[in-house]
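# Close look at the chain arrangement
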Amino acid sequence: LWHLLVITEDAVSDEETEPAPAGYAAHAFGLEKHLQEFLIDNWELIGLSETWGIFEEDGELVGVEYGTDIGQIDLLCKAKNSDGWLVIELKRRQTEDQTVGQVLRYMGWVQENLADETVPVKGLIICQEDTPKLRYALKNTNNVDLMLYEVSFSLKAPRKERNTNG
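In this report, the structure presented in the accompanying data block is examined. (Residues numbered from 1 in each chain as written. Predicted model: local features only at pLDDT ≥ 70, side-chain atom pairs only at ≥ 80, totals over all residues. Heavy atoms only, no water.)

When its secondary structure is counted, the protein chain shows three helices and nine strands. Helices and strands appear in the protein chain in the N-to-C order β-α-β-β-β-β-β-β-α-β-α-β. The proportion of buried residues among the 166 residues of the protein chain is 39%. Partitioning the contacts of the protein chain with sequence separation of at least 6, the portion at a separation of at least 24 is 60%. Just so you have it, the protein chain exposes about 10900 Å², and 47% of that area is on carbon and sulfur atoms. (Helix = DSSP H or I, 4+ residues; strand = E, 2+ residues; numbered from the N terminus. Buried < 20%, exposed > 50% of the residue type's maximum accessible area, 1.4 Å probe, protein only. Contact = heavy atoms within 4.5 Å. Areas by Shrake-Rupley, 256 points an atom, 1.4 Å probe, with all protein chains shown as cover.)

Taken as a whole, this structure holds two salt bridges when the rule is applied. The salt bridge partner of D130 is R135, with a shortest N-O separation of 3.5 Å. Of the residues examined, R135 reaches a relative accessible area of 36% and is grouped as partly exposed. (Salt bridge = Lys/Arg side-chain N within 4 Å of Asp/Glu carboxyl O.)

Looking at the secondary structure, you find I125 in strand β8 (residues 121–127). Residues I125 and T99, 26 residues apart in the sequence, show an inter-C-alpha distance of 7.9 Å. Residues in contact with I125, not counting those within four places in the same chain, are E89, T99, V100, V103, L134, L138, V144, D145, L146 and M147.

If you check which residues of helix α1 (residues 32–41) are buried, you get L35, Q36, F38 and L39. One face of α1 carries all of its buried residues, which in axial projection span an arc of 165°. (Arc of directions from axis to C-beta.)

Bringing the pairing of strand β6 (residues 71–79) into the picture now. Here strand β2 (residues 52–54) runs beside β6; their pairing, made up of three bridges, is antiparallel. Bridging from a neighbouring strand, W52 pairs with A79 of β6. Hairpin geometry of strand β5 (residues 64–68) and β6 is characterised by an intervening segment of two residues between the two adjacent antiparallel strands. For β6 and strand β7 (residues 85–91), the ladder comprises four bridges, and the chain directions are antiparallel. Looking at the pairing, L76 lines up with V87 of β7. (Pairing = 2+ DSSP bridges.)

As judged from the four bridges shared by β5 and β6, these two strands associate in the antiparallel manner. Looking across to β6, one finds that T68 is bridged to G71.

This paragraph deals with helix α2 (residues 96–113). Spanning 18 residues, α2 covers 26 Å between terminal C-alpha atoms, matching the ideal 26 Å at 1.5 Å per step. Along α2, the residues classified as buried are E96, T99, V100, Q102, V103, Y106, M107, W109, V110 and Q111. Buried residues along α2 sit against β5, β6, β7, β8, α3 (132–138) and β9 (144–153). (Expected span 1.5 Å × (residues − 1).)

On to the side chain of E96, then. With respect to the element layout, E96 can be found in helix α2. Of the polar contacts made by the side chain of E96, one reaches the side chain of T131; its length is 2.7 Å. Once residues within four sequence positions are removed from consideration, E96 is found in contact with T131, K133 and L134. (Polar contact = N/O pair within 3.5 Å; in protein donor to acceptor, adjacent residues only side chain to side chain.)

What follows is the structure, encoded as structure tokens:
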């Protein structure tokens, strides 16, 4: 499955907006951490939140940089209305084979340490672009999805207040 996750950082909408100029380049987050923080801060605004919640224990958010003995899972999520886990690997710039191997390794760890064999564990890679190497690496995995993010940012002049004093 291929999805596009559009992330916007827009000021209050104004009626006088113009489309992006021709040749406008897509922008990436400066650091993977920035992408992670944006997703956490805006979790309820993205489609993933309908099915998944970032893993909590005793009311504390623990699914961010979830520590394991084989590394840290960027985001670990639990299904809201059923059993199931989602391992999210974030990549600002990806190395395809390494990324797929990493998400599969974390999925195996979650299956063995947090779930049991009857509970599904899925993986999700969120990155800026798909490449042929990444598509081929994911071709025979039936439980790892890919979502692409797109950043949109604009600046607008503030609305002018009308003088109502006559």
